[in-house]
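Chain residues, written in single-letter form:
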Amino acid sequence: MFATNHKDIGTLYMLFSFFMLMVGGVLALLIRAELFQPGLQVVNPELFNQLTTMHGLIMVFGAIMPAFVGFANWMIPLQIGASDMAFARMNNFSFWLLIPAAIMLIGSFFMPGGAPAAGWTLYAPLTLQMGMSMDSSILAMHIMGASSIMGAINIIVTILNMRAPGLTLMKMPMFCWTWLITAYLLIAVMPVLAGAITMTLTDRHFGTSFFNPAGGGDPVMYQHIFWFFGHPEVYIMILPAFGIISQVVPAFARKKLFGYASMVYAVAAIAILSLIVWAHHMFTTGMPVTGQLFFMYGTMLIAIPTGVKIFNWVATMWRGSMTFETPMLWAVGFIFVFTIGGFTGVIPAVVPVDTQIQDTYYIIAHFHYVLVAGSLFALYGGFYYWAPKWTGVMYNETRGKIHFWWSMISFNITFFPMHFLGLAGMPRRYADYPMQFADFNLIASVGAFFFGFAQLYFFLFVVLPVMRGQGAKAPQRPWEGAEGLEWEVPSPAPFHTYETPPKLDASATRVIG
């Protein structure tokens, strides 16, 4: 249980994140049940806003981020030929911090007044008026932030210091590259979130007025601080997904990744640009036109390196000998739906348009296309791709494909109508709505329940049998035909160039793709 082995810790991270995904999913289904038809039928407006707040916090900090850290723990040492992560005990500690944090986050529902109802962004001055659950949530986010920072330090040191001899940075698998850059982003922005929520805490209890206008504070300043964390956070949740897709696509296209160097530079460019576009979430806060123009053009600039990545994946598949096992289905599905999410993101980047659709369901549709069809689909693709290596057991291919098609279809039924709701003017975070929005909401709610059941199917009929060892024994190289594309660590230099011969264990001579 308290092992320091990177594989055990990776597995714990993934089990934790799947549990939190289920919790956050139940909250989402309660939200969709309420919105199934006009009027109030399941929850009251206050509880509705608590559900939206906790759904967001749990999915971001409890599900998506720990899942990617779990993948990093499993794969980075294997891919660079290291025996373990650099700081094994810190790795263990960073995982176990998540348990009390999750208990405090979910436990806020059972405190006097219920969970915070301020939205996952926790905007002031609303947060200054919440009950004690607000303090519990702030402490939980502090602990999760500390966990993330420790994980990021561990990943950076592991990648920079523990690569096998001859494995230069520009020969690393893309998954290692995306996580190296993501780890730097985490270290850059997690303290900013800590600052924002600490100032909220002192405003609440220690008489400061950072965000309280009555004392000369500025609520909009909270938004600037929060989104300086929040926008890079979106890329923290998508860059490792890019890395997974960059591993899966070449394997099933039987070709090397097209434009490896440009992919590395594109990831770095996305990370740097993500730090200068935060206020595109704030076009309606009354910022000067000059500021609006800067953030509008900066946002559009991110489309260029993102487009480079999409182009390179498609070019990798072009004229490849492709087969469509489950991991490849998720990868191709990711590229298709993430591209839609990217296009819908360009539209609110335009200031006059965003003024109309700010805080409508169009925004909900856009970021769910990026985060569900982006991060989550890539996580599933990575699981199906690497699980045979992790467990020694092949999952059931037919069930994997059922899971993919069920998820893909129900996801689009859920979130595509939300674009139309948003364009028609339906605001988010409301438990009731006029009759004109009823049809699309009904479709979205039905799709949401189907999507939720698809993930239950995945756990019961794909994951559990694999965990129990039921299924065919996985071959040494599970994906037939892809073996020539698994990354080889280059042979070390001749011994006479070293003062002492390098010590290489078995894992350093062959690295999993």
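Residues numbered from 1 in each chain as written. Predicted model: local features only at pLDDT ≥ 70, side-chain atom pairs only at ≥ 80, totals over all residues. Heavy atoms only, no water.

Chemist: Which residues make up the overall build of the chain, and what values go with them?
Modeler: Counting secondary structure elements, the chain contains 15 helices and zero strands. Here the C-alpha radius of gyration of the chain, 23 Å, is about what a compact globule of 513 residues would show, namely 24 Å. Viewed in the frame of its principal axes, the chain has a C-alpha envelope of about 75 × 45 × 45 Å. A buried classification covers 56% of the 513 residues belonging to the chain. When contacts within the chain are restricted to residue pairs at least 6 apart in sequence, long-range pairs at least 24 apart make up 83% of them. On the chain, roughly 20,500 Å² of surface is accessible, and the fraction owed to carbon and sulfur atoms is 70%. Charged side chains in the chain number 21 positive and 20 negative. The centres of these two groups are separated by 12 Å. (Helix = DSSP H or I, 4+ residues; strand = E, 2+ residues; numbered from the N terminus. Rg over C-alpha atoms; globule rule 2.2 N^0.38 Å. Buried < 20%, exposed > 50% of the residue type's maximum accessible area, 1.4 Å probe, protein only. Contact = heavy atoms within 4.5 Å. Areas by Shrake-Rupley, 256 points an atom, 1.4 Å probe, with all protein chains shown as cover. Lys, Arg positive; Asp, Glu negative; His and termini not counted. Charge placed at Lys NZ, Arg CZ, Asp CG, Glu CD.)

Chemist: Account for the environment of P417, with residues named and values stated.
Modeler: With respect to the helices and strands, P417 occurs in helix 14 (residues 397-423). Overall, the relative accessible area of 8% leaves P417 in the buried class. For P417 and Y362, which are 55 residues apart along the polypeptide, the C-alpha to C-alpha distance reads 9.1 Å.

Chemist: Can you explain the pattern of salt bridges? Please cite residues and give values.
Modeler: Taken as a whole, this structure holds two salt bridges when the rule is applied. For D135, the salt bridge is made with R204, and the minimal N-O distance between the two is 2.9 Å. Within this pair, whereas D135 is found in helix 5 (residues 132-161), its partner R204 is found in helix 6 (residues 174-205), the two being separated by 69 residues in sequence. Residue class for R204 comes out buried when judged on its relative accessible area of 16%. (Salt bridge = Lys/Arg side-chain N within 4 Å of Asp/Glu carboxyl O.)

Chemist: Requested: an account of the packing of helix 8 (residues 239-253) against helix 13 (residues 361-391), with residues and values cited.
Modeler: Between helix 8 and helix 13, whose axes approach to 9 Å, the crossing angle comes to 45°. In terms of orientation, helix 8 lies oblique with respect to helix 13. For the pair helix 8 and helix 13, the crossing hand works out as left-handed. Here helix 8 contributes A241, I244, I245, Q247, V248, A251 and F252 to the contact with helix 13, which in turn contributes G374, S375, A378, G381, G382, Y385 and W386. (Axes fitted to C-alpha atoms, helices over the stretch in contact; angles between N-to-C directions. Parallel < 35°, antiparallel > 145°, perpendicular 65-115°, else oblique. Left-handed = near helix turned anticlockwise from the far one by under 90°.)

Chemist: Outline the nonpolar core, supporting the account with residue identities and numerical values.
Modeler: Ranked by size, the top nonpolar core spans 166 residues in total, and within it F61, W179 and F334 carry the most contacts. The dominant element in this core, judged by the number of residues it contributes, is helix 2 (residues 45-80), at 21 residues. In contact with F61, not counting residues within four places along its chain, are P66, M141, M144, M190, L193 and F229. (Core = buried A, V, L, I, M, F, W, Y, C linked by side-chain atoms within 4.5 Å.)

Chemist: Can you tell me about helix 2, naming the residues and giving the values?
Modeler: Between its terminal C-alpha atoms helix 2 stretches 51 Å, which fits the 52 Å expected from 36 residues at 1.5 Å a residue. Along its length, helix 2 shows its largest kink, about 35°, at M59. Following helix 2 by one or two positions, G81 has its phi on the positive side, about 75°. (Expected span 1.5 Å × (residues − 1). Bend = angle between axes of the 7 residues up to and from the residue.)

Chemist: So what about the confidence of the model for the chain? Which residues, and what values?
Modeler: Residues of the chain with pLDDT of at least 70 account for 93%, and the chain-wide mean is 91. Low pLDDT (under 50) marks residues 483-513, which in the prediction has 57 contacts with non-local residues, meaning those over four places away or in another chain. (pLDDT = per-residue confidence, 0-100.)

Chemist: Mind laying out helix 1 (residues 6-34), listing which residues take part and the relevant values?
Modeler: In a regular helix each residue adds 1.5 Å, so 29 residues correspond to 42 Å; helix 1 covers 42 Å between its end C-alpha atoms and thus fits that length. The N-cap residue of helix 1 is N5: its side-chain oxygen and the backbone nitrogen of K7 are 2.7 Å apart. (Polar contact = N/O pair within 3.5 Å; in protein donor to acceptor, adjacent residues only side chain to side chain.)

Chemist: Account for the packing of helix 2 against helix 6, naming residues and giving values.
Modeler: Running from N to C, helix 2 and helix 6 cross one another at 140°; their axes reach a closest spacing of 11 Å. Taken together, the axes of helix 2 and helix 6 lie oblique to each other. For the element pair helix 2 and helix 6, the recorded crossing hand is left-handed. Together, F61, M65, F68, V69, F71, A72, M75, I76, Q79 and I80 of helix 2 and F175, C176, W179, L186, M190 and L193 of helix 6 make up the contact between the two elements. By residue class, the composition of the contact of helix 2 with helix 6 is 15 nonpolar, one polar and no charged. (Nonpolar A, V, L, I, M, F, W, Y, C, P; charged D, E, K, R; others polar.)

Chemist: Describe in detail the packing of aromatic side chains, supporting the description with residues and values.
Modeler: Inspection of the entire model under this criterion finds 52 aromatic pairs. Ring geometry for F294 and F295: centres 5.0 Å apart, planes at 85°, overall edge-to-face. Residues Y380 and F458 carry aromatic rings whose centres are separated by 4.8 Å and whose planes lie at 70° to one another, so their mutual orientation is edge-to-face. Of the two residues, Y380 is situated in helix 13 and F458 in helix 15 (residues 438-467); the sequence distance between them amounts to 78 residues. (Phe/Tyr/Trp six-rings, centres within 6.5 Å; stacked < 30°, edge-to-face > 60°.)

Chemist: Kindly report on a nonpolar patch on the surface, identifying the contributing residues and their values.
Modeler: Residues F36, W405, I409, I413, F416, F420, L423, F440, L442, I443, V446 and F450 make up a contiguous nonpolar surface patch of roughly 1,100 Å² in combined accessible area. When residues of the nonpolar patch are traced back to their parent elements, those giving at least two are helix 14 and helix 15. Among the elements that line the nonpolar patch, the one with the most residues is helix 14, at six residues. Topologically, W405 is positioned in helix 14. (Patch = residues over 30% accessible without salt bridge, like charges linked within 9 Å, V, L, I, M, F, W, Y side chains within 5 Å.)

Chemist: Describe the side chain of N91, and please don't skip the residues or the numbers.
Modeler: Position of N91 relative to the elements: it lies in helix 3 (residues 88-96). When near neighbours in sequence (up to four residues on either side) are disregarded, N91 contacts H6, I9, N73, M85 and N154.

Chemist: A description of unusual backbone geometry should follow, citing residues and the corresponding values.
Modeler: At the junction of A124 and P125, the peptide bond is cis and its omega measures out at 0° in the coordinates. Mapped onto the secondary structure, P125 falls in the loop between helix 4 (98-107) and helix 5. With phi around 55°, L122 is a residue other than glycine that occupies positive phi space. On the secondary structure map, L122 appears in the loop between helix 4 and helix 5. On the basis of relative accessible area, L122 is assigned to the buried category, the value being 1%. Of note in the backbone geometry, R319 takes a positive phi value of approximately 60° without being a glycine. If you trace the backbone, R319 turns up in the loop between helix 10 (289-317) and helix 11 (326-346).

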